Structure formats: C-alpha cells, structure tokens
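# Structural overview for review
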Amino acid sequence: MHRTLRSLLGLSLALALFAGLSACGSSSTGSTTGGTTGGTATVLMGTPPDSLDPGLGATTQSYEATWITYTGLVTYAHASGEAGTKLIPGLAESLPSVSSDGKTYTFTLRKGLVYSNGAPVKASDFAYTIQRAIKLGWGDKELLTENIAGGEAFDKGKSSSISGIQTDDATGRITVKLVAPYGPFLNVLAFPAAGLVPSGTAMKSLTNSPPPGVGPYEIASVVPNKSFALTRNPHFSSSTIPGVPAGHVDLNVKIVSNNQSEAEQVLDNTADVFDYNDSIPPTLISQVESQASGRYAKEPTVSGEYFFLNTKAKPFDNPLARQAVNYAIDKRALQRLDSGMLDPGCFFLPVGMPGHPTSPCPYGDPNAAPNLAKAKELVRQSGLAGTPVTVWGGSRAPHKEFVDYYASVLNAIGFKASEKIVADAQYYQTVGNLSTNPQTGWLSFSQDFPNPIDFYQLLDAKSILPTENHNLSQVDDPHIQSEIAALGPVPSSQLSSVVGRWQALDQYNAQKAYLAPFGYDEVPKFFSDRIDFGAAVFHPVYGNDWSTLQLK
Amino acid sequence: MRAVAHDKVALAFGALFVAIVVLCLFAPVYAQDVAHTGPDDNHITETVIVDGKQVDVVSPQGVPIGPTWKGRFLLGADSNGRDVAVRLLYGGRNSLEIAAIATLITMVLAVLLGTLAGYLRGFADGVLSRLFDLVWAYPAVLLGVALGVALAVGGLNLGLFTLHSGSLLLPAFVIGIVFFPYVAKPLRAHALSLREREFVDAARVMGSSPLRIMVGEILPNLTSTIIVFVPLIVANAILLEAGLSYLGAGVQDPNPSWGTMIADGIRLIPGAIHLVLVPGVMLVLTVLSVNVFADGVRDALDPKAIVRGRF
C-alpha cells in the first residue's frame, strides 16, 4: 500500500513537472488545445499584404500575419463567432481602468515580457509604437491622431511626442488620455499597428525585414510579392499571454494571384490553406463541395455589399427614386453573381454586428422576387424617368458583374444607365473624390472592429470630405448625426445596453433608403486534408487564425 | 477587280466577311424575333426548358447555362444571364462600327499628312515625319491602352469636340490615331517618288498650284496603295479594339464587344468555356476573312508583290 502510494506520488510529481515544462513554452509542446504540434503548412494568398511592417500594414492580408506577430496592450480572443469579438488583455496585465469621464485609460504592462529577439518589453515602447504608426502613415492612423490627446500635433510635427501618452518603465504603467470619449478605443488598440515594437525601431518601412514583436510568431524570409514565412517565436508560450495560443506549425505563405490555381492546389492537397479573401471560381465550387466536404465551409463575415445613392445629386436626391432602387434589386440574382457566397439582406449593419435589426425589410423580402412594378411606378411618380444615371464599379469579379446587373435594373425601371468601371485599386480613390460626384455605384465595407460606429462613419456627415470621402451617399441627416454623437462614446464592452437604439437607427436608415444594401458576404474556409479543420479558428475580425492551425 | 474575281479563296473569305457583317447588322431582328431579349437584359434567376427539363439560366453557384441550340440562349448565357448569341451580334456591330470609323480616321489622316509630307518635302516633311516616328515609336497596343484608359473615365473634351466616356467613337478615335503612321509613312514615300515624275513636272510647268497637283495628280496615283491598306487596317482595328476592350480600355460596359465578352468569360473557364470560345471564334473568322480578302486585293492590284503562297 505504502509502495503504491509512493509510486502514485512519484507519478503525480512527474506529471506536474511535465505540465510545468510544457507551460514554460518549449516550441514543440506549446499547444493549448492538446493538438499535434510541429511541421510546416503552406498558406496561399491571392493578394500580397500591403506591408508586413505593423506600422504600415492595413489590409486584411497584412492583419492575418501581423495580429499573431505583434500583440498590443489588448487583443481579441482567439475564438470563432461572437466569442472572437471579445477583447482580452494582451501585453497589459488586465483590461484598463477607465476614468469616469471616459477619457483616460490606464494600463499596467505584464512583467517579464520579451520580444521575439529576446529584448525586454518596456512601457515606453508603447508610446514609441504609436508614434511610429503615425509617422509611417498607417492606413487608419486617424483613429490614433483624432482620438489621443496630442496625436494631431505630433502628426503635424508640432511636437516631438504625443502628450496624451504617459509611460513609466519602472512600474510598467501606461496612461492614455483621449480628446473625447470614444467607445471603440480599446478596439483601436487591438489593431496590429498598436502591437508593440522596440523603441528605436527604424522610423521607415521594414516590410522586407519586419521588426521583432511579441506574439506566437515572427515573420521571416520575406520575398516581396512572392512569399514570406511565419516561424514560431521561441520566446513565446501559451502561458505568456493567457488566451493567446502559441502556434502549432510553421507557415510558408505563398502569393498565388490565380484563384483557379489556388483552389486547385488546396483541393489536390499540394497546399494547405486557401485565402479566405479570394473566391473559389464558380466552376470549381461544386467539385470542392463534393470532394472536400469535410474541409470546406462557408463562413459568415461581418461585411456588407451595397449600392450607394448620392442624396445630393439627381435622381437620388429624390426619396422616391431611392425607394424604387431598393424595391427593384433582386438580391437573389446578386447572390448568384457572387457564386452563392452572399447572404441576401436589406439592412446597413450586417448580421453579426450588434445593432443589426431583426425587423422585416421595408422594401420586400430579400429572399423573394423584387417588386419591379412598384419600382417603375415610383420612378414614374418621381417624374425622373429617363434621367441619365452613371453607375460606378470596380473591375474585379464579381464587382463588375454587380454593376452590370444594377445598370440593367436601372434601365428596366425607367432610368437611362451607363457604367464606369475603374480598376479596384483606384476605385475608392476615384469615387471618393467629391469632384467626381458619383450618382451611384457599388460599395463594400468590412468591419475594422466589432462596433456599429465603425459602419456608421459611412453615413456620418463629418465623413463627407473633398478627397477620400467615405460617405458616398453624402448623407447629412440630423437624426443620424445626433444618434452617432450619443452612441459613439459607448464603450464596446457596454454595447449590449444600446443595441436597441442601434437597431432603431438602422431601421430608420433602411426606411430612408440612403443606400441599397443587398447582402452580407460569406467567405470560404477551405483547407487541405493535412489540416485539422475542426481545430482551426475562423476569427470574426481577422479571418483564418493561423495560430490555431495544426496538422492532423 | 477582274483579278480579284479570279481569286476564289479571296472571294470566299470576302463573302464570309460580308455574311458576318450582315448577321451583325440584323442583331436587333434576331434579338426581338428569335431570342426575345435585348443585349443587356439579365435573366439570372430565370429558368429555361432544355431537353424537357427546367434548367437555371445561372446556377446558384453562378455558372451560366451553355448552348441550348434553340432560339433562347442559342449559344448559352453569360454570368449575368444575358443571351450570348444576342450579345455576340451586338458586339460584332460595335466592333465593326469602331473598326470602320477608326479606319476612316486613319486613312484621312494618313492620306492628308502623308501626301503633304511627300509632296512638300523640306521643313514640313521633317516635322510631319518626326510626328509619324513619334507615334510609330510606341507599340500600338501600349499606346492604345494608355490613351484608352486615360479617356475611359473622363471622356475627351476639346472644346467644340466632346466625346463622353461611354461613346463608341472614343475607342475608334484612339485606334484611328494609333494606326495612322503605319499608312502615312508608305504613302509619304510613294508621294515622294511621284512628285519627281514627268506628269507632275508638266502640271507644275502649266502653273497648277501645289494643292491642285496633290489632289489632281498625286492622289489618283496613290489610290491602289490606299485600297490595299483599307482592309488591312480594318482587320488590325478589329483586333486592337478587341484587345483594348479586353483590357477595359475600349468599349465600355454594358455595351458588348467581342473583347469585353472574352474578358467577362475568362473567370468561368473551364466550366463555361463557351463564353470565351464563341466571341473568340467569331473574332478569328472576321479577322481571317478580312486579311485573306485584303491579300487577294493586294495581289490583284500589284501582281509583282505576291508574298502569300496560294492555297
């Protein structure tokens, strides 16, 4: 009995020691989920990231790599669905304390953190990281300069540091003061651009040799526009930041611009991950569904597809004309044009975004035939029949096909439509120039962060700008403005308390027909047979979570 | 022309070209009475009966129906559920219209400037020849794409002369400009040799003005060269228009053209290959027929310059 007890005690000690060692982060045993660790997976990307430098990258392709390489003070839970929108402490010990006026955020840095090069992380690195993102011109830097006190002065070169950021390396304390309360400010700090890099990192683009960061991976072997690698960070384990898993496999990322070839490689198991930003060619979808049913799924995204309707120009300055468009569009047709990867809908806020209305659509069921007769009647009533309308659109499929369809519908209800197709890379720059004054056209928007205020910048009168105009419908509605002013400062963590008001606002917007929404995007989660499909997380903000990929 | 009449191959291809032109001219009749749809009408969510079964015009995955070999969707549908046969004929009308206008622009510019440069010589020849060289120096397709893209969004506004961005005249204008040096240079060389001939000297001695000599003496002797160039330029204009439209710098949507039809169909290869094959075959047949006919005309007008082996 005694011997047995001693054996059991010995076994317990051995198990505890093994568990402790695992937690300390050997790269070969760093899994939190207990899955297989080791090996290399090949990830395909249709479009190269705009930059792999966290201070510059602002596309989904960039974020896919950088959010698991550069962790900020806060980050998102590595989970699918709504759970993935939850903010968790990143490099900070806990979520910050926020002052009663909502303008001051105080964080304390975790102790013992090191970068992927082994250098210790300091509180002052945060201030340097934010300054660097502003100086380098990160695509969403306005979120920093417009919200952090002293951000604009720093951006304009009027000060050498950002007055609103105070740090103390000795205590790890970081204080951020805002100009005014901004509800989604923590979401802003969760962007990879706010993921810490060491003080002294060169104030220039390091996209070909990205700086060290804190996260499960480090970026290496960058061949511009061709490939790069993500190798597991030897200084990071699953216990470094609770809730942020250490990676399971090293990743070779290859750029393959041909969707057909990309899909065939994953179908044939010669590559492991299909880029969710790309569409599987329609002619291959049936084959993928039948041959790869266990490793292919449609994943909903929080993004919407719309036609904007310029309320300051004929004919859509007339509400009847805008209503006619909303009655006439057959969302089922647009779903087919998008290879079935579209969930027909009629509201501005997509499914999955807090505030998405649950009420019926004001201009007919999006899953039923449109009411063309009503639309024609409205155009006739408006006295605008025969008005020339130029429809703007991007050149890539299915954007151009959307516009072809839309133009034919406008012609069918009485307008005289023509098209202007612009290369996607220049599209928003072109239609966002107020001198272009586009009447109507295609518009797509994906969430930057899970807060409806992110979407409502597209209908905010303050977004009507001479260039880079985000409010393409040029909506200036006092009710929308007052609701944005009231709801914008509500922190993302308290959104549930104002969901009803967001829903009411979105119903009001739908009724006004400021846009013609037609659906919410779905994307392919498509892997090779080698990957454990069930274990891989599809993150609601950043798509395929590469840190959860593991080989079977 | 009697020599052309004896060249049966040239005649056959000439007849083929005429048949294509006639077919395209009858596009509205076909659309209304046979296909019962316009070139831009979409039928995405509709169905058609094929072999007694109801079939989606466009499947839920976005794959359009192939040829039905019946009145509706004879050659299938495109991704927007539009009738490919109808768009093929309307696209042909657009391509031929653009080619005809572009050829007219090329020939007018080339004859005018080529004759002037060749007859006047000296400073005028120097300036005009450098202009020909300047345009010639750019590869035709690149120049066409550059001009086409630049004009596709904003159109062309030269004060009194305005072309909006969707106008078919815009690609015709671009193509006409791109090709004129290819004709102007040989015409200049021909005019240069003609001005030294005795009949030109005689006209000059008789007191004819330079304009009168160019119109009355030089131009008539350039006619055979001009006639040889016309079909060649037509064929090249059709090809360049298709190329420009394929690249988005020619015919603008929703107007059909063989080039835009091929561009639209590329992403659906191999499942809906008819989208590329049908306009592609039509393009090849048209250009081939014009080229072979043009060779026949050239052989007939200049029997010494036979460079093409006979069938």
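Residues numbered from 1 in each chain as written. Chains lettered and ligands numbered in written order. Predicted model: local features only at pLDDT ≥ 70, side-chain atom pairs only at ≥ 80, totals over all residues.

### Side note on the overall build of chain B
Of the regular secondary structure elements, chain B holds 11 helices and 4 strands. Projected onto the principal axes, the alpha-carbon positions of chain B cover approximately 80 × 50 × 30 Å. Across the 311 residues that make up chain B, the buried fraction comes to 47%. Sequence-distant contacts in chain B: of pairs separated by 6 or more residues, those separated by 24 or more amount to 67%. (Helix = DSSP H or I, 4+ residues; strand = E, 2+ residues; numbered from the N terminus. Buried ≥ 20, exposed ≤ 12 C-beta atoms within 10 Å, placed from the backbone. Contact = placed C-beta atoms within 7 Å.)

### Points about the overall build of chain A
For chain A, the count of helices and strands is 16 helices and 18 strands. Against the compact-globule benchmark of 24 Å for 552 residues, chain A has a radius of gyration of 25 Å, which places it among compact chains. When the backbone C-alpha atoms are referred to their principal axes, chain A occupies close to 95 × 60 × 50 Å. Burial status across chain A gives 51% buried among its 552 residues. A fraction of 70% describes how many contacts in chain A between residues 6 or more apart in sequence connect residues 24 or more apart. (Rg over C-alpha atoms; globule rule 2.2 N^0.38 Å.)

### Thoughts on the packing of helix α3 (residues 27-35) of chain B against helix α4 (residues 84-120) of chain B
Residues and elements named next belong to chain B. With their axes 9 Å apart at the nearest point, α3 and α4 run at an angle of 170° to one another. Judged by the inter-axis angle, α3 sits roughly antiparallel to α4. On α4, the residues touching Ala-27, Tyr-30, Ala-31 and Ala-35 of α3 are Ala-85, Val-86, Leu-89, Tyr-90 and Arg-93. Of the residues that constitute the contact of α3 with α4, the class distribution is 8 nonpolar, no polar and 1 charged. (Axes fitted to C-alpha atoms, helices over the stretch in contact; angles between N-to-C directions. Parallel < 35°, antiparallel > 145°, perpendicular 65-115°, else oblique. Nonpolar A, V, L, I, M, F, W, Y, C, P; charged D, E, K, R; others polar.)

### Focus on the pairing of strand β15 (residues 440-446) of chain A
Every other side chain in a regular strand lies on the same face of the sheet, so the side chains alternate between the two faces. Inspection of the sheet shows strand β11 (residues 296-309) of chain A paired to β15(A) by 7 bridges, in the antiparallel sense. Residue pairing in the sheet places A:Ser303 in a bridge with A:Ser446 of β15(A). (Pairing = 2+ DSSP bridges.)

### Here we look at the interface of chain B and chain A
One frequently used descriptor of interface size is the decrease in accessible area upon assembly of the parts. Contact with chain B, which involves 24 residues of that partner, is made by 26 residues of chain A. When grouped by side-chain class, the residues that make up the side of chain B that touches chain A number 9 nonpolar, 11 polar and 4 charged.

### A look at the packing of α4(B) against helix α7 (residues 169-194) of chain B
Residues and elements named next belong to chain B. Between α4 and α7, the shortest axis-to-axis distance is 6 Å and the interhelical angle comes to 35°. Relative to α7, the crossing made by α4 is right-handed. Taken together, the residues that form the contact of α4 with α7 break down as 24 nonpolar, 6 polar and 1 charged. (Left-handed = near helix turned anticlockwise from the far one by under 90°.)

### A look at the confidence of the model for chain A
All names here are of chain A. Mean pLDDT over chain A: 91, with 94% of residues reaching 70 or higher. Looking over chain A, one finds the lowest element-wise mean pLDDT in helix α1 (residues 2-23), namely 41, and the highest in helix α9 (residues 319-328), namely 98. In this model, residues 1-34 is a region of pLDDT below 50 whose contacts with residues beyond four sequence positions or in other chains number 25 contacts. (pLDDT = per-residue confidence, 0-100.)

### Topic: the sheet that holds strand β14 (residues 416-422) of chain A
Residues and elements named next belong to chain A. With mixed pairing, 6 strands are arranged side by side in an open sheet as β12-β16-β11-β15-β13-β14. For this open sheet the edge positions go to β12 (342-344) and β14, each flanked by a neighbour on one side alone. Across this sheet, the average inter-strand angle for adjacent strands is 30°, counted without regard to direction. Across the sheet, helix α12 (residues 399-412) lies against β11, β13 (388-394), β14 and β15, angled at about 165° from β13, the strand it touches most.

### Structural notes on unusual backbone geometry
Looking along the chain, the bond that leaves A:Ala397 and enters A:Pro398 is cis, with omega of 0°. Of note, A:Pro398 is situated in the loop between β13 and α12. Look at the link from B:Asp253 to B:Pro254: it is a cis peptide, with omega at 5°. Position of B:Pro254 among the secondary structure elements: in the loop between α9 (210-246) and α10 (258-266). Look at A:Gln474: it is not a glycine, yet its phi comes out positive at around 50°. Within the chain, B:Trp69 stands out as a residue other than glycine whose phi angle is a positive 60°. With respect to the element layout, B:Trp69 can be found in the loop between β2 (53-56) and α4.

### Some words on α3(B)
Helical geometry note: an α-helix holds 3.6 residues per turn, so side chains three or four residues apart project in the same direction. Residues and elements named next belong to chain B. Along α3, the residues that are buried comprise Ala-27, Ala-31 and Ala-35. Viewed end-on, α3 has its buried residues packed into an arc of 45°, placing them on one side of the element. Of the exposed residues in α3, those oriented more than 90 degrees away from the buried face are Val-29, Gln-32 and Asp-33. Considering only its buried residues, α3 is in contact with α2 (8-25) and α4. At the exit of α3 stands His-36, carrying a positive phi of roughly 55°. (Arc of directions from axis to C-beta.)

### Looking at the sheet that holds strand β1 (residues 40-45) of chain A
Residue and element names in this part refer to chain A. Strand order in this open sheet of 4 strands is β1-β10-β9-β8, and the pairing throughout is mixed. Here the strands that pair on one side only, and so sit at the sheet edges, are β1 and β8 (217-223). Going across the sheet, the axis of each strand differs from the next one's by a mean of 20°, ignoring polarity. Where strand β9 (residues 227-232) lies against strand β10 (residues 250-255), 4 bridges are found, and the strand directions are antiparallel. Directly across from Ala-229, in β10, lies its bridge partner Asn-252.

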